[in-house]
Amino acid sequence: MDDNRDTLVAGPISMSIALTASSQVGKFYVFEGIDGSGKSTVSKLFAERLAKSGRPVEWTAEPTSGWIGEQVRRANKEARSDFAETLLYVADRAEHSAQIRAWLDDGRDVVCDRYEGSTLAYQSVTLRPHLGPKALEWLRTINAPFVLHPDVTFLLRIDPETAMSRVSKRGEAEKFEKVSFLRKVAAMYDRLAVEDLSYVVIDASKDLDEVLEAALSHLPR
Ligand SMILES: Nc1ncnc2c1ncn2[C@@H]1O[C@H](COP(=O)(O)OP(=O)(O)O)[C@@H](O)[C@H]1O
Ligand SMILES: [Mg+2]
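Just so it is clear, the structure is predicted and the values come from calculations on it, not from any experiment.

Our next topic: the site of ligand 1. Among the 14 residues in the neighbourhood of ligand 1, the closest are listed as Gly38, Lys39, Ser40, Thr41 and Arg166. Taken together, the elements giving at least two residues each to the shell around ligand 1 come down to α2 (39–52), α8 (160–167) and α10 (208–216). The element best represented in the shell around ligand 1 is α2, accounting for 3 residues. In the shell around ligand 1, the residues fall into 4 nonpolar, 6 polar and 4 charged.

See below:
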């Protein structure tokens, strides 16, 4: 990642200029939604379809498989501080964003399974006991210096019970996989979808084919 440091320092302002100034820059597609909404499944199929259409594509996910991503997984299990866990997610994204930016600048489309929206939706719930309604604003502030702005953010919208029945096959529910918690996260996602113009809401309770086609229908022609 050393060779990406200069691009990270350059920040989001030059990114937006680059996106409009050059048709060579790739498109950045993000999939968001609660656990079990279908993000991993649909985003991989979406990336496959883009690749089949001849686009150079990178599929990627958060938390990443890199060294900070490993610490995020550890924090999910071991962290006593909600802030420590949050800051690790954000550190992982800072490193990841430099990589994503390099791919986009190289003309590759990037399909990402979870990005900033996940921190805004989940951590504004976990930090609410500490920061109250200001949690969202603080989370936006600490992401802002480096975060990239997706061309499209697909919000796979589904009720938590249906989502949980899908992931119950995965075995014991993880920390976040609790219906009452996910209901609050889903409400935050709904708010983000109103406030952020990159969001496209998709009914993820439908059959997989329909969900995929709904996402593909938003590709630029
Ligand atoms: N539209 C769908 N209808 C039925 N099952 C689905 C659908 N989308 C995904 N699934 C299944 O639900 C489970 C959770 O999907 P996954 O992609 O892992 O969700 P997420 O990454 O959002 O947690 C998987 O077993 C997947 O095959
Ligand atoms: Mg997943």
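For the pair helix α5 (residues 116–126) and helix α9 (residues 179–195), the least separation of the axes is 8 Å and the interaxial angle reads 135°. When the axis of α5 is compared with that of α9, the two are oblique. You can see that α5 and α9 cross each other, and the crossing is right-handed. Residue-level inspection shows Gly117, Leu120, Ala121, Tyr122, Ser124 and Val125 of α5 in contact with α9, the latter providing Phe181, Lys184, Val185, Met188, Tyr189 and Leu192. When the residues that make up the contact of α5 with α9 are grouped by side-chain class, the tally is 9 nonpolar, 2 polar and 1 charged.

Calculation notes
- Residues numbered from 1 in each chain as written.
- Chains lettered and ligands numbered in written order.
- Predicted model: local features only at pLDDT ≥ 70, side-chain atom pairs only at ≥ 80, totals over all residues.
- Near = placed C-beta within 6 Å.
- Helix = DSSP H or I, 4+ residues; strand = E, 2+ residues; numbered from the N terminus.
- Nonpolar A, V, L, I, M, F, W, Y, C, P; charged D, E, K, R; others polar.
- Axes fitted to C-alpha atoms, helices over the stretch in contact; angles between N-to-C directions.
- Parallel < 35°, antiparallel > 145°, perpendicular 65-115°, else oblique.
- Left-handed = near helix turned anticlockwise from the far one by under 90°.
- Contact = placed C-beta atoms within 7 Å.

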